Amino acid sequence: MPVSPATLHTDIKVTGWIARLPPALRPYALLARLDRPIGTWLLFLPGVWGILLPQHVPVTERLRLIVLFGIGSLVMRGAGCVVNDMWDRDIDRQVARTAGRPLASGALTMRQAALFLLLLLLIGLGVLVQLNSLSWVLGVSSLVLVALYPLAKRFTWWPQLVMGFTFGFGAPMGYAAAAGVLSWAQAALYGATIFWQLGFDTIYGFQDMEDDARIGVKSTSRLWAQQARGFIGFCYGAMFVLLAVAVVLAGASWLVWPALVLPAIMLARQATSVTPESPRLCLAQFRFNREIGVAIALALLAGLFHV
């Protein structure tokens, strides 16, 4: 049963620059979540980590890759949102936070969404061909995860883990693009990214627990709501251990360690204060992971300076 407009709790933003777009374009911007750039940041930052982790890569090449990954993250995050909403449009109508999405509300048709998805994928392909051949293989492989992620919530209590594998794919992509090879350092970084994203997406999912329970959608948020702080603490702790392993294996300089103190404090504070009963706090904590990701990127940047 559709959610009553009077009871809507939504994070869709139709103000600001979105409101200045021509009316025909606004639903496409909302479908790609351009009103909420946090998702693009959380896809982009693992790629930056991967670009900054290997040593002895020319500065100009790192900068070129960061620009390309920025563009790629914007369009591929949008493509992922389109795929997600095409799968979930019937579910979204029944969840307060998502009932206003363009496909759920009827503002766009499935055909329009499919054509928009094709456009985004073509732009993404244009970015991919600027990278090396190893990145091509990884980029094409990632599309399988993008397509399957929306199904996870129907069959498993761990869709947030599948999301971690999907959104975290930027880490091995960035490493492969910069180093031209895969390594154990890259594998450890990917593992760290998966645990990080499992943690913060579980926090994000706490907002929807009542609606998810009502319509039978599974999530780690529902599964671990009673042990939320312990679970998030485990995810962030595992993330930091694997990040430390990646740094050691990559041969980063000692400067990385004092720089990692700040993101460690940020992660610990979030894990010990998460409150599933407060959707507003959960959304704020989820968004704060952009700052955490930037702090980790700066730490990896410090690790490139050998003094």
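Everything below is about the structure printed above this text.
Bear in mind the structure is a predicted one, so any value in this text is a computation, not a measurement.

Right, let's get into the overall build of the protein chain. For the protein chain, the count of helices and strands is 15 helices and zero strands. For the protein chain, the C-alpha radius of gyration of 19 Å lies close to 19 Å, the compact-globule estimate for 307 residues. Going through the 307 residues of the protein chain one by one, you find that 51% of them count as buried. Total accessible area on the protein chain stands at roughly 13,900 Å², and carbon and sulfur atoms take up 71% of it.

This part takes up the environment of Arg89. On the secondary structure map, Arg89 appears in helix α3 (residues 59–92). The spatial distance from the C-alpha of Arg89 to the C-alpha of Pro102 is 8.8 Å, given a sequence separation of 13 residues. If near-sequence neighbours (up to four positions away) are discounted, Arg89 is found in contact with Leu103, Ala104 and Met110.

Its location among the elements puts Thr220 in helix α11 (residues 220–223). Reaching out from Thr220, the side chain makes a polar contact with the side chain of Gln160 at a distance of 2.9 Å.

On to the pattern of salt bridges. Summed over all chains, the structure comprises seven salt bridges. With its nearest N and O atoms 2.4 Å apart, the salt bridge here joins Arg93 to Asp90. Its relative accessible area of 29% is what places Arg93 among the partly exposed residues. Exposure remark for Asp90: the relative accessible area of 45% places this residue in the partly exposed category. Of the charged contacts in the structure, one is a salt bridge between Glu291 and Arg290, with a shortest N-O distance of 2.9 Å. The exposure class assigned to Glu291 is partly exposed, which follows from its relative accessible area of 29%. It is possible to trace a salt-bridge network through shared partners that takes in Arg33, Asp85, Asp92 and Arg101.

Turning our attention to the packing of α3 against helix α5 (residues 110–128). As a packed pair, α3 and α5 sit with axes 9 Å apart at the nearest point and diverge in direction by 155°. Classified by the angle between their axes, α3 and α5 sit roughly antiparallel to one another. Both α3 and α5 take part in a crossing whose hand is left-handed. Contact residues: α3 offers Leu68, Ile71, Gly72, Val75, Met76, Gly78, Ala79, Val82, Val83, Met86 and Arg89, while α5 offers Met110, Ala113, Ala114, Phe116, Leu117, Leu120, Leu121, Ile123, Gly124 and Val127. Residues that form the contact of α3 with α5 fall into these classes: 17 nonpolar, three polar and one charged.

Attention now moves to the packing of α3 against helix α6 (residues 133–155). Two elements in contact, α3 and α6, have axes whose closest approach is 10 Å; the angle formed by their N-to-C orientations is 30°. One way to sum up the angle between α3 and α6 is to call them roughly parallel. By crossing handedness, the relation of α3 to α6 is classed as right-handed. From α3, Met76, Gly80, Val83, Asn84, Trp87, Asp88 and Ile91 reach across to α6, where they touch Leu143, Val146, Ala147, Tyr149, Pro150, Leu151, Lys153 and Arg154. For the contact of α3 with α6, the residue count by class is ten nonpolar, two polar and three charged.

Trp49, Leu53, Leu131, Trp196, Tyr236 and Met239 are the most contacted members of the largest nonpolar core, which totals 65 residues. Sorting elements by how many residues they give to this core places helix α9 (residues 184–205) first, with eleven residues. The contact partners of Met239, leaving out residues within four places of it in the chain, are Trp49, Ala192, Phe195, Trp196, Leu267 and Ile296. Counting residues in hydrophobic clusters, the runner-up holds 14 residues, among them Leu31, Ala79, Met86 and Phe116.

Before going further, it helps to examine α9. For an α-helix, the turn length of 3.6 residues means that residues three or four places apart are oriented alike. Across its 22 residues, α9 extends 31 Å between first and last C-alpha, which sits within 8% of the 32 Å expected from 1.5 Å per residue. Among the 22 residues of α9, 19 are classified as buried, and the element is accordingly described as predominantly covered. The opening residue of α9, the one whose side-chain oxygen lies 3.3 Å from the backbone nitrogen of Ala185, is Ser183.

Parameters and conventions
Residues numbered from 1 in each chain as written. Predicted model: local features only at pLDDT ≥ 70, side-chain atom pairs only at ≥ 80, totals over all residues. Heavy atoms only, no water. Helix = DSSP H or I, 4+ residues; strand = E, 2+ residues; numbered from the N terminus. Rg over C-alpha atoms; globule rule 2.2 N^0.38 Å. Buried < 20%, exposed > 50% of the residue type's maximum accessible area, 1.4 Å probe, protein only. Areas by Shrake-Rupley, 256 points an atom, 1.4 Å probe, with all protein chains shown as cover. Contact = heavy atoms within 4.5 Å. Polar contact = N/O pair within 3.5 Å; in protein donor to acceptor, adjacent residues only side chain to side chain. Salt bridge = Lys/Arg side-chain N within 4 Å of Asp/Glu carboxyl O. Axes fitted to C-alpha atoms, helices over the stretch in contact; angles between N-to-C directions. Parallel < 35°, antiparallel > 145°, perpendicular 65-115°, else oblique. Left-handed = near helix turned anticlockwise from the far one by under 90°. Nonpolar A, V, L, I, M, F, W, Y, C, P; charged D, E, K, R; others polar. Core = buried A, V, L, I, M, F, W, Y, C linked by side-chain atoms within 4.5 Å. Expected span 1.5 Å × (residues − 1).

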